[in-house]
Amino acid sequence: MKIDCHMHTPLCGHAVGKPVDYVNHAASVGLDLVTFTCHIPMSQASFGGPRIRMHADQLTTYYTWVNEARQLGETLGVEVLCGIEAEVSPMTEELTEMKELMRNEPFDFVLGSLHHQLSSYKTWLIEQRLESDASIIRDYFSHLTDAARSGNYHSMSHPDVIRIYGTIDSDAFIPSLFEEEIRTFLQTCASSGTCMEVNTSGLSKGVFEVHPDPLILDWAKEEQVKLTLGSDAHQPGRVGQHFDKVIPMLKEKGFDRLQYFSRGKEQTAFL
Ligand SMILES: [Zn+2]
Ligand SMILES: [Zn+2]
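So, how was this worked out
Residues numbered from 1 in each chain as written. Chains lettered and ligands numbered in written order. Predicted model: local features only at pLDDT ≥ 70, side-chain atom pairs only at ≥ 80, totals over all residues. Core = buried A, V, L, I, M, F, W, Y, C linked by C-beta atoms within 7 Å. Buried ≥ 20, exposed ≤ 12 C-beta atoms within 10 Å, placed from the backbone. Helix = DSSP H or I, 4+ residues; strand = E, 2+ residues; numbered from the N terminus. Contact = placed C-beta atoms within 7 Å. Pairing = 2+ DSSP bridges. Right-handed = clockwise from strand over helix to strand, strands pointing away. Arc of directions from axis to C-beta.

Of all hydrophobic cores here, the largest spans 71 residues; its most connected members are Tyr22, Val34, Phe109, Leu144 and Cys189. In terms of residue count, the dominant contributor to this core is helix H5 (residues 133–150) (six residues). Apart from the residues within four sequence positions on either side, Tyr22 is in contact with Met7, Gly17, Val34, Ala69, Ala233, Pro236 and Val239.

Rendered as structure tokens:
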């Protein structure tokens, strides 16, 4: 069963193509199931405005579009689910409203992302006087660990995205130097039952590597972490991107299954 559990819609202001277009592409590349996960509404400006995420008023449009895509999917043999990409932040009080929304809305699937490039996290780094690349990387993984433990998210998305977008010098991210912090994160995923995402978008940008790095995937296998898989498509043609390369790599590393979530319930897709 081929699945892609991370993709966007133009409601976030930086993606193109309607959900039906994403589903058409999914069918053309042989996917059996897709989950939309557009960026969750956040009222604070520090988490980005209309070029980053939809407004809460647009959720009804989101559901309408995903429903249209679901109907199209039924004719094409592609199951369509409706998730959301939620935020992880060290300023947990800033997430109160978001968590309320997550409780009240009927999302199939909730991703947890720490978007370090947003001003909310930049402000945190300044307040905490975290300046060296190493201290920022350790800090970043400590928040992912807390988030995995929180039970607020089904899967932790693009877990080493700290390596791109300029918060640190990307050469500074050498996973083996941070094995202790990263293993703590992985062990927390395993013990809490939170999945980790394999996000193929990294192969199209920056350092041209899958998120997380293949070495982290080796550790994830050892720690028995469950995986979800997503393209992070922001345009229809990216749905399922690089799966032809990444799925064989996962199998080679000993993974034989992926998880996905329907109405919040975990399901298994065998590779
Ligand atoms: Zn996005
Ligand atoms: Zn995304």
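Let's pick the thread back up.
What follows is about unusual backbone geometry. Residue Pro212 follows His211 across a cis peptide bond; omega there is -5 degrees. Here Pro212 shows up in the loop between strand E6 (195–199) and helix H7 (214–222). Even without a glycine there, the phi angle at Arg129 is positive, about 55 degrees. Position of Arg129 among the secondary structure elements: in the loop between helix H4 (119–127) and H5. Exposure remark for Arg129: the 7 C-beta atoms within 10 Å place this residue in the exposed category. Located in the positive-phi region is Gln224, a residue other than glycine, with phi close to 60 degrees. With respect to the helices, strands and loops of the structure, Gln224 is situated in the loop between H7 and strand E7 (227–230).

With that settled, consider the pairing of E6. With five of its five residues buried, E6 lies for the most part within the structure. Residues Cys195, Glu197 and Asn199 of E6 are buried on one face, and the alternating residues Met196 and Val198, pointing to the opposite face, are buried as well. By the bridge criterion, two bridges tie strand E5 (residues 155–156) to E6 in an arrangement that is parallel. Bridge pairing in E6 places Met156 opposite Met196. For the crossover that starts at E5, traverses helix H6 (residues 179–192) and ends in the parallel E6, the hand is right-handed. Examined bridge by bridge, E6 and E7 share four bridges and lie parallel to one another.

Attention now goes to helix H1 (residues 19–28). Burial in H1 covers these residues: Pro19, Tyr22, Val23, His25 and Ala26. Taken around the axis of H1, the buried residues stretch over an arc of 160 degrees, which confines them to a single face. In this fold, the buried residues of H1 make contact with strand E1 (3–4), strand E2 (33–39), helix H2 (59–76) and strand E3 (79–87).

This brings us to the pairing of strand E9 (residues 265–270). Counting buried residues in E9 gives zero out of six residues, a small share hidden from the surface. The pairing of strand E8 (residues 257–262) with E9 spans six bridges and is antiparallel. Within E9, the residue paired with Ser262 across the bridge is Lys265. In this structure, the hairpin formed by E8 and E9 is closed by a connection of two residues, where Arg263 is found at a positive phi of approximately 50 degrees.

A separate point is the environment of Ser170. Within the element layout of this structure, Ser170 appears in the loop between E5 and H6. For Ser170, a count of 15 C-beta atoms within 10 Å puts it in the partly exposed group. Note: C-alpha distance between Ser170 and Val207 (37 residues apart in sequence) is 7.7 Å. Dropping the residues within four chain positions of it, Ser170 is found in contact with Arg163, Ile164, Gly206 and Val207.

Further remarks concern H7. Every α-helical turn comprises 3.6 residues, leaving residues that sit three or four positions apart pointing alike. All of the buried residues along H7 are Ile216, Leu217 and Ala220. Looking down the long axis of H7, one finds its buried residues gathered within 105 degrees of arc, a one-sided arrangement. Where the residues of H7 are buried, they touch H6 and E6. One or two residues past the end of H7 sits Gln224, with phi positive at roughly 60 degrees.

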